[in-house]
Amino acid sequence: MGSSPNNNKKYPSLGKLNLPEIEKEILSFWKEQKIFEKSIENRQNAEPWVFFEGPPSANGMPGIHHVMSRTIKDIFGRYMTLNGKLVERKGGWDTHGLPVELQVEKKLGITKEDIGTKISIEEYNNACREDVLKYKDVWDELTERIGFWLDLDKPYITYTNEYIETIWYLLKQLFEKGYLYKGYTIQPYSPAAGTGLSSHELNQPGCYRDVKDTSVIAQFLLTENQQKIKLFGDKKVFALAWTTTPWTLPSNTALTIGGKINYALVKTVNPYVNEKINVLIAEDLLPKYFELVDKLSSEKTKKLQGIVLQKIKGIELIGLQYQQLMPFATPYETPENAFQIISGDFVTTSDGTGIVHTAPTFGADDARVAKLAGVPPMLVKNQQDELIPLVDKKGKFIEGLGFLSNKYVKNEFYTQTPPEKSVDVEIAIYLKEKGLAFKVEKYVHSYPHCWRTDKPVLYYPLESWFVKTTAVKQKLIANNQKINWKPKTTGEGRFGHWLQNLVDWNLSRSRYWGTPLPIWRTEDGKQSKCIGSISELSKEIDKSIEAGFMVKNPCTNANFDLHRPFIDHITLASEDGLRMHREPDLIDVWFDSGAMPYAQWHYPFDNKEKIQKNIAFPADFIAEGVDQTRGWFFTLHAISTLLFDQVAFKNVIANGLVLDKNGNKMSKRLGNAVDPFQTIEKYGADAVRWYMVNNSPPWDNLKFDLKGVEETLRKLFGTLHNTYSFFELYANIDGFDHSAKHISKKNRDTLDQWILSLLNTLIEEVMVHMENYDITNSTRAIQKFVIDDLSNWYIRLSRRKFWKGEFGDEKIAAFQTLHECLEKVCMLMSSFSPFYSDYLYMALTRNKNSVHLQNFPKCQLDIINKDLETKMALAQIYSSMVLGIRKKEKIKVRQPLAKIMIPVADKKTKELLLDVEGIIRAETNTKEVQVVDFQEAIFEQIAKPNFKKLGPKVGKNMKFVAQKIQEWEREDINKFNKEGKASVQLGDEEIEISSDDVEIVVKDIHGWKTESTGSHTVALDIHITENLRKEGDAREFVNKIQNLRKEIGLDVTDKIDIKFDTNESLALAINEFIDYISLEVLANSISQSFHKIESIELEVNGQSINVDIQKNK
RNA sequence: AGUCUCGUAGCUCAGUUGGUUAGAGCACUACACUGAUAAUGUAGGGGUCGGCGGUUCAAGUCCGCCCGAGACUACCA
């Protein structure tokens, strides 16, 4: 063994485990040595592995759930770097959007209405800009503290001109491809406030309120045509449809039925005009309205009498036409397609009639199904030649609608005293008089109200800009197939279904703080221009100056800001010299985040090749919460598919929520939110990180329990720390140096070979899991190895090797083995718990070479020995059972026993067992292990049917056959063992049972103490002979002396002299085993003193002994 | 309301293409070990596998319905 230059160095003693302290030490080491930067520089020429950081919004404090997603992201960045990839990790901030606006309004004590009056848009936006990165420092601190390696120095920020410029470029691409259009959509709208409301605003508490409205079931008279006559002959038929908003009836253009719902034609009487009529209604709802009879009579009944004339399937009704109920206006577009029955998926039979009054101008579902069926909305031309609905933006009916003209649709909208009868009531009366109302009643239902004015919200068609995502629906679906979703079901289910039911992306937001829509239009709306860059804007402004619309070009000013209000001041000139104004909308903030792959690099103005040559796009991996499925995941996917027909990300983990330990959502209000800083300060980031990914698969919700973090700290990190301390203690005593020449693996003993085999199996396992983006099973495998295999078995059984005997090859091999295991465990763990693994790695290697700059360990297949792993498993099983017997018999392990007997069925197992026989003996303190053929007569055997094998063979008769096999007697089993087959009589049939179909198991051994688990059985000879007793005494004596040594503070290596005085029997035992004892307790001499000695009294197996120990100088 | 996830011991989680004694850790109790020692080992109790129904010789596992928790989307005549 050659001496090494390092061999006078020592492995550092790490003291008590204090993870948070260690982490701070490592953090400053990383910072000083620029380890993160180096880990990227090292891979400069390597293949890139692309990661996108989904930008958080820094206007709120980070929570513990952010630790979750950031841990997942960090794990893969580090792992891929170790595997030789170049992983750039650019941070980013999401800075626009409603939450920012709301927070600023709260802070300033203003509402949206005050913008432009009490506060200018400029001041408002400045306030937003200041507020949005309020907690950036806190976020950066958390990012750093949890060890999330992310480039925080050059993050992308969505409000910068550069970022916005890329968005404009992308929007222009969409515009030119014809994917950007202006259209109507039905949105919640508050006429009282004169503004559209977002779903977010509508979900404010208290917005949905129970109100009592006049509801009407109206009668729609079917038009006579071929289809109608075919179905119903020449009978006059009314379709019944219910509404709680009668004011929408003049705007009705269709009736919607459910294709799968069954309907009935009922003969009955209109209760208001007492006229016999035939009505159409869902079959399920008949009992709700009718007393079904055979013949109408004048007798009084609780409900209306009705005769079912015929039943019709919903699908047959589609296409039927009807006469307009309130013919006050005609739809401008394709009026010939109006007033027909169409089908819709939303129709139910839980209320109403199963036929839904459909007014596409005032209902989102209505608009959707009408559009699908080609039915026009009720829009008419006004004097300005614009198409408008029958109700204006103040919530008032337009002119020319008879008695309805200029009346508010809801009485709440009147600023002065409202009329006695609301429009709804007036309409009900009108219909009653005409014999077109089947039922009118007050109805209580929940209806949304504006959170600012407290007045009802209308669903109203508003103009918006849309991205025509439906045009590429098939591509979106096809590209989604290429994405590896974790979990798979999120991709197929939630995301897949979402794509199947895709609607166009509503891009418009009527707000102030966000990316302005770069579209300028002439006043007549006939010409529009989409601007795709600042330079293009500047050129257009120059043209505008020429045309005399503008005086100065603000783009030349270095501080020019692309936000409102400045952008609104720009007027452009059309080709034929008309003024063009910017469309006042901002775009959906989700477009900001979906554009980050390009905008973070200011593509295509800079870094063109990063995108075009697929260097930084698409992402190999992203991870966010599952709540982003229809948010960021979708917008990334949509933009990349629309513009590049590519996926934006190849692999994605959609992680679940972090709940409190009781499974409730964390919230500041409830006070159950866990503070990430405090938690990390107490337990350490490594423990939190490990706990989070180890506890449950990331896509399940995590019930975050500090007890679990504590357990991780104690069990995993504590064990690892102890294992190292053990290594360090003895390695330093012997002057071991890991850099010295390695002893060939083949020349190491069984235990060493075994743990190395497991180590390499573990490496392989972790790699497979990680390739599969499965972090949970990776950590579980590592944890099992560290705790069960390395610490509980390898160290425990090898302990003696480390502190007994010479510093010879066997010992060196053991040190090398343990060192290698620890070193590679550090590498395996480093992605998950980057701090402690680095700390330990540097201690093990005795220098300052970070584990994060290493390569991931390779699995050495030739070291893996499955037979060895199997036999050690056998040793563990049998040892455990023997210890179980000792326990029951109350024989302590220190008392040697004579013999273990193990019955075995096959040769292979027998061979394997013989190889580990020594380990079993040592572990159980027995003199002999006898592995014997299980057919020996002393074994009592039973036959166990193998259901899996027998199942397909005997099928239905399984129960019977299994019963028969279990009833086999000794001779049946012997015969079966000999012949390898048997048969069972089943009626006339004889069923052949082969050796695979039955397992013969030893159940008991006569005259021995036995124990069995599964198919393993072991017997123990518990007879203690005189010799065994003596040896037991000797070992007990050693134990007592060792305790004494420790008690009196002797060093592990101190030599001693012993004098003792005791009874004859124990003295005999000690003298007989004097060599063994001397060796164990490092005694130079052990002598019996027949004179009373000054000593300590000990007790050995119930016998008193006086002992005097002197340290040998 | 729809879509998705989850429901197994007091707690946190495993449980292979369905195969007959449903596992592990924590906690609890008892014991053992005592040169890894503020560590460790062994044993024990603890389960109508959310409920009901179905398919099957056989269901924790497959199917249907329901209940509970959560998320997202939508908001209805």
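## Overview of the overall build of chain A
Consideration 1: The secondary structure content of chain A amounts to 36 helices and 41 strands.
Consideration 2: Over its C-alpha trace chain A gives a radius of gyration of 42 Å, far above what one expects of a compact globule, namely 32 Å for 1113 residues.
Consideration 3: On the principal axes, the C-alpha backbone points of chain A span a range of 130 × 90 × 50 Å.
Consideration 4: Across the 1113 residues in chain A, those meeting the buried criterion constitute 55%.
Consideration 5: Counting only contacts in chain A whose residues sit at least 6 apart along the sequence, the fraction spanning at least 24 positions is 76%.
Consideration 6: About 50900 Å² of surface is accessible on chain A, with carbon and sulfur atoms providing 48% of the total.

## Here we look at the protein's contact with RNA strand B
Consideration 1: Trp 242, Thr 243, Arg 894, Lys 948 and Val 1052 are the nearest of the 57 residues found near RNA strand B.
Consideration 2: When the atoms of RNA strand B within 4 Å of the protein are sorted by group, sugar and phosphate make up 63%.
Consideration 3: At 3.0 Å from a sugar or linking oxygen of RNA strand B is found a side-chain nitrogen or oxygen belonging to Asn 722.
Consideration 4: At 3.0 Å, a side-chain N or O of Arg 780 approaches a sugar or linking oxygen of RNA strand B.
Consideration 5: Broken down by secondary-structure element, the contributors of at least two residues to the surface near RNA strand B are strand 6 (237-243), strand 13 (355-358), helix 15 (488-500), helix 23 (706-734), helix 25 (775-803), helix 28 (866-889), helix 31 (947-954) and helix 34 (1026-1047).

## Focus: the pairing of strand 32 (residues 939-945)
Consideration 1: Burial of strand 32 is one-sided: the residues Phe 939, Gln 941, Ala 943 and Pro 945 facing one way are buried, the residues Glu 940, Ile 942 and Lys 944 facing the other way are not.
Consideration 2: Here strand 32 runs beside strand 35 (residues 998-1005); their pairing, made up of seven bridges, is antiparallel. The partner of Glu 940 across the bridge, within strand 35, is Asp 1004.

## What about the nonpolar core?
Consideration 1: By size, the foremost hydrophobic cluster in this structure holds 128 residues, and its most contacted members are Phe 76, Met 692, Phe 704, Phe 727, Phe 785 and Tyr 794.
Consideration 2: Beyond its immediate chain neighbours, meaning those up to four positions away, Phe 727 contacts Tyr 11, Phe 736, Phe 815, Leu 818, His 819, Leu 822 and Leu 844.
Consideration 3: Counting residues in hydrophobic clusters, the runner-up holds 71 residues, among them Ala 241, Leu 325, Ile 341 and Leu 458.

## Details of the environment of Ile 733
Consideration 1: Counting through the fold element by element, Ile 733 comes out in helix 23.
Consideration 2: For Ile 733, a relative accessible area of 45% gives the class partly exposed.

## Some points on the side chain of Ser 696
Consideration 1: Checked against the element boundaries, Ser 696 lands in the loop between helix 22 (685-695) and strand 29 (702-703).
Consideration 2: A residue is classified by how much of its surface remains accessible, and Ser 696, at 11% relative accessible area, is buried.
Consideration 3: If we ignore the near neighbours within four places in the chain, the residues touching Ser 696 are Asn 701, Leu 702, Thr 776 and Arg 780.

## Structural notes on the packing of helix 25 against helix 26 (residues 809-829)
Consideration 1: Look at helix 25 against helix 26: their axes get within 11 Å of each other, and the N-to-C directions meet at 160 degrees. Put simply, helix 25 runs roughly antiparallel to helix 26. Pair helix 25 / helix 26 crosses with left-handed handedness. Contacts between helix 25 and helix 26 pair Ile 782, Phe 785, Val 786, Leu 790, Tyr 794, Ile 795, Lys 801, Phe 802 and Trp 803 from the former with Glu 810, Lys 811, Ala 814, Phe 815, Thr 817, Leu 818, Cys 821, Leu 822, Val 825, Leu 828 and Met 829 from the latter.
Consideration 2: When its residues are assigned to classes, the contact of helix 25 with helix 26 shows 16 nonpolar, one polar and three charged.

## Thoughts on the sheet that holds strand 23 (residues 572-573)
Consideration 1: Here we have four strands laid out as an open sheet, ordered 22-21-24-23, and antiparallel in their pairing. The open sheet is flanked by strand 22 (528-530) and strand 23, the only strands paired with a single partner.
Consideration 2: Relative to strand 24 (residues 579-582), strand 21 (residues 519-522) runs antiparallel, the two sharing three bridges. When the bridges of strand 24 are listed, Trp 520 appears paired with Arg 582.

## Considering helix 3 (residues 64-82)
Consideration 1: In this model, helix 3 (19 residues) spans 27 Å end to end at C-alpha, consistent with the 27 Å of a helix rising 1.5 Å per residue.
Consideration 2: Within helix 3, 17 of the 19 residues are buried, leaving the element largely enclosed by the surrounding structure.
Consideration 3: Of the residues trailing helix 3, Gly 84 is marked for its positive phi of about 90 degrees.

## Description of the sheet that holds strand 41 (residues 1103-1111)
Consideration 1: Strand order in this open sheet of four strands is 39-38-41-40, and the pairing throughout is mixed. Only two strands of the sheet have a single neighbouring strand rather than two, namely strand 39 (1083-1088) and strand 40 (1096-1100). Strand-to-strand, the axes of this sheet are offset by a mean angle of 30 degrees, without reference to chain direction.
Consideration 2: One ladder, built from five bridges, connects strand 40 with strand 41; its direction is antiparallel. Opposite Glu 1099, over in strand 41, you have Ser 1104 as the bridge partner.
Consideration 3: Seen against the sheet, helix 34 touches strand 38 (1056-1062), strand 40 and strand 41 and runs at an angle of roughly 140 degrees to strand 40.
Consideration 4: Along the sheet, helix 35 (residues 1064-1072) contacts strand 38, strand 39, strand 40 and strand 41; its crossing angle with strand 38, the most-contacted strand, is approximately 150 degrees.

## Side note on the pattern of salt bridges
Consideration 1: All chains considered together, the criterion is met by 55 salt bridges.
Consideration 2: For Glu 1072, the salt bridge identified is with Lys 1030, shortest N-O distance 2.9 Å. Of this pair, Glu 1072 sits in helix 35 while Lys 1030 sits in helix 34, and the two are 42 residues apart along the sequence.
Consideration 3: Since its relative accessible area comes to 10%, Lys 1030 is described here as buried.

## Quick notes on the packing of aromatic side chains
Consideration 1: This model, assessed by the stated rule, comprises 55 aromatic pairs.
Consideration 2: Judged by centre distance (5.8 Å) and plane angle (75 degrees), the rings of Trp 690 and Phe 832 are edge-to-face. Of the two residues, Trp 690 sits in helix 22 while Phe 832 sits in the loop between helix 26 and helix 27 (834-845), which places them 142 residues apart along the sequence.
Consideration 3: Look at Phe 832 and you get buried, because its relative accessible area is 2%.
Consideration 4: Through a chain of ring-to-ring contacts, three or more aromatic side chains come together here, namely Tyr 11, Tyr 724, Phe 726, Phe 727, Tyr 730, Phe 736, Phe 802, Phe 807 and Phe 815.

## Focus on the confidence of the model for chain A
Consideration 1: Looking at chain A, the pLDDT average stands at 87 and 97% of residues meet or exceed 70.
Consideration 2: Low pLDDT, under 50, characterises residues 1-7; the predicted model gives this stretch 11 contacts beyond four residues in sequence or across chains.
Consideration 3: Interface confidence for the predicted complex, given as ipTM, is 0.90, next to a pTM of 0.85.

## A few points about unusual backbone geometry
Consideration 1: Between Lys 486 and the following residue, Pro 487, the backbone shows a cis peptide bond with an omega angle of 0 degrees.
Consideration 2: By the secondary structure assignment, Pro 487 is in the loop between strand 18 (484-486) and helix 15.
Consideration 3: In this model, Phe 617 is joined to Pro 618 through a cis peptide bond whose omega is -5 degrees.
Consideration 4: Positionally, Pro 618 belongs in the loop between helix 19 (608-612) and strand 26 (619-625).
Consideration 5: Here Asn 614, not a glycine, exhibits a phi torsion of approximately 55 degrees, which is positive.
Consideration 6: Its place among the elements puts Asn 614 in the loop between helix 19 and strand 26.
Consideration 7: The class for Asn 614 is partly exposed, based on a relative accessible area of 40%.
Consideration 8: In this model, Leu 1082 sits at a positive phi of 55 degrees, which is unusual for a non-glycine residue.
Consideration 9: Inspection of the secondary structure assignment puts Leu 1082 in the loop between helix 36 (1074-1081) and strand 39.

## Quick word on the side chain of Arg 78
Consideration 1: Following the sequence through the fold, Arg 78 ends up in helix 3.
Consideration 2: Discounting chain neighbours no more than four positions away, the residues touching Arg 78 are Trp 30, Arg 89, Gly 147, Trp 149, Arg 689, Ser 830, Ser 831, Pro 834 and His 852.

## Points about a positive patch on the surface
Consideration 1: A cluster of basic side chains, namely Lys 235, Lys 267, Lys 276 and Lys 295, defines a positive patch on the protein surface.
Consideration 2: Structurally, the position occupied by Lys 295 is in the loop between strand 10 (290-292) and strand 11 (304-313).

What counts, and at which threshold
- Residues numbered from 1 in each chain as written.
- Chains lettered and ligands numbered in written order.
- Predicted model: local features only at pLDDT ≥ 70, side-chain atom pairs only at ≥ 80, totals over all residues.
- Heavy atoms only, no water.
- Helix = DSSP H or I, 4+ residues; strand = E, 2+ residues; numbered from the N terminus.
- Rg over C-alpha atoms; globule rule 2.2 N^0.38 Å.
- Buried < 20%, exposed > 50% of the residue type's maximum accessible area, 1.4 Å probe, protein only.
- Contact = heavy atoms within 4.5 Å.
- Areas by Shrake-Rupley, 256 points an atom, 1.4 Å probe, with all protein chains shown as cover.
- Near = heavy atom within 4 Å.
- Polar contact = N/O pair within 3.5 Å; in protein donor to acceptor, adjacent residues only side chain to side chain.
- Pairing = 2+ DSSP bridges.
- Core = buried A, V, L, I, M, F, W, Y, C linked by side-chain atoms within 4.5 Å.
- Axes fitted to C-alpha atoms, helices over the stretch in contact; angles between N-to-C directions.
- Parallel < 35°, antiparallel > 145°, perpendicular 65-115°, else oblique.
- Left-handed = near helix turned anticlockwise from the far one by under 90°.
- Nonpolar A, V, L, I, M, F, W, Y, C, P; charged D, E, K, R; others polar.
- Expected span 1.5 Å × (residues − 1).
- Salt bridge = Lys/Arg side-chain N within 4 Å of Asp/Glu carboxyl O.
- Phe/Tyr/Trp six-rings, centres within 6.5 Å; stacked < 30°, edge-to-face > 60°.
- pLDDT = per-residue confidence, 0-100.
- Patch = residues over 30% accessible without salt bridge, like charges linked within 9 Å, V, L, I, M, F, W, Y side chains within 5 Å.
- Lys, Arg positive; Asp, Glu negative; His and termini not counted.
- Charge placed at Lys NZ, Arg CZ, Asp CG, Glu CD.

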